[in-house]
Amino acid sequence: MSLIGFLKSKVFLKQLVLALVAIVVIAFIMLKWLNISTNHGEFETVPDLKGKSVKVAKIELDKNNLAMEILDSSNFNPDYPKFSVIEQDPIAGKQVKENRKIYLTLNPSGYRKVMIPELKERTLRQAKPTLEALGFEVGKLTYIDNIAIDVVIKMMYDGQEIKAGDMLPKTSKIDLVLGNGNRPSSD
């Protein structure tokens, strides 16, 4: 029997029809199963969790059949309470599937500590941008007798002298003691 003769035979056509029917039935069953298993058309609304504690966020997410994933943050935000939610993904109001993970970024307990750079014998013009770039604020400027004008003699924090390498919380105010250009008197 030739190939063309086989393709025209009743046996081949019968097998072809059975195969097409089986594919249609399997496709129909798969689509129904997918609709059921993926909860097609059913969504949960993401609640607004910003500013809320982890405990309250967990309760709200459980109530909405959503899961919580906590992401650590190193960016302290003074506008929010400690250990509260400062960001969430997906955002509030978004429609998501049941049991979807909601990623929460928490506010740390305070500003992270930053190492103080070596500023002795540097000018105020050099010291100020260096401190500000690290997140510190320049506090009170005090002048003492020293031949160098506007050169850092020492650094102070809360009335205590600090040195390069010490660690202070970001945004701390560092007071600078500078030279005023007058020769120190020798007593």
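Structure: above.
What you see is a predicted model, and the numbers here were worked out from it, not measured in a lab.

## Here's the deal with the nonpolar core
Here's step 1: The biggest cluster of nonpolar side chains holds 14 residues, and the ones touching the most others in it are Phe136, Met155, Ile174 and Leu176.
Here's step 2: Elements with a contribution of two residues or more to this core: helix 4 (124-133), strand 8 (149-157) and strand 11 (173-180).
Here's step 3: For Met155, the residues in contact, after removing those within four places along its chain, are Ile116, Pro117, Leu119, Gln160, Glu161, Ile162, Lys163, Ala164, Ile174, Asp175 and Leu176.
Here's step 4: One finds Leu49, Leu61, Val85 and Leu106 within the second-largest nonpolar core, a separate group that totals ten residues.

## Regarding helix 3 (residues 54-63)
Here's step 1: Listing the buried residues of helix 3 in full gives Ala57, Glu60 and Leu61. Buried residues of helix 3, viewed axially, fall in a sector of 100°; they line one side. Pointing more than 90 degrees away from the buried face of helix 3 are the exposed residues Lys55, Ile59 and Lys63.
Here's step 2: Elements in contact with the buried residues of helix 3: strand 2 (67-71), strand 3 (85-89) and strand 5 (101-106).
Here's step 3: Following helix 3 by one or two positions, Asn65 has its phi on the positive side, about 55°.

## Overview of the sheet that holds strand 9 (residues 160-162)
The pairing of strands in a sheet comes from backbone hydrogen bonds and takes either a parallel or an antiparallel form.
Here's step 1: The strand order across the open sheet formed by four strands is 7-11-8-9, and the pairing between neighbours is mixed. Of all the strands in the sheet, the pair left with one neighbour each is strand 7 (137-144) and strand 9. Across the sheet, the mean angle from the axis of one strand to that of its neighbour is 40°, orientation sign disregarded.
Here's step 2: One ladder, built from six bridges, connects strand 7 with strand 11; its direction is parallel. Considered in strand 11, the bridge of Ile144 is made with Gly179.
Here's step 3: Here helix 4 sits on the sheet in contact with strand 7, strand 8 and strand 11, set at roughly 175° to strand 11.

Conventions used here
Residues numbered from 1 in each chain as written. Predicted model: local features only at pLDDT ≥ 70, side-chain atom pairs only at ≥ 80, totals over all residues. Heavy atoms only, no water. Core = buried A, V, L, I, M, F, W, Y, C linked by side-chain atoms within 4.5 Å. Buried < 20%, exposed > 50% of the residue type's maximum accessible area, 1.4 Å probe, protein only. Helix = DSSP H or I, 4+ residues; strand = E, 2+ residues; numbered from the N terminus. Contact = heavy atoms within 4.5 Å. Arc of directions from axis to C-beta. Pairing = 2+ DSSP bridges. Axes fitted to C-alpha atoms, helices over the stretch in contact; angles between N-to-C directions.

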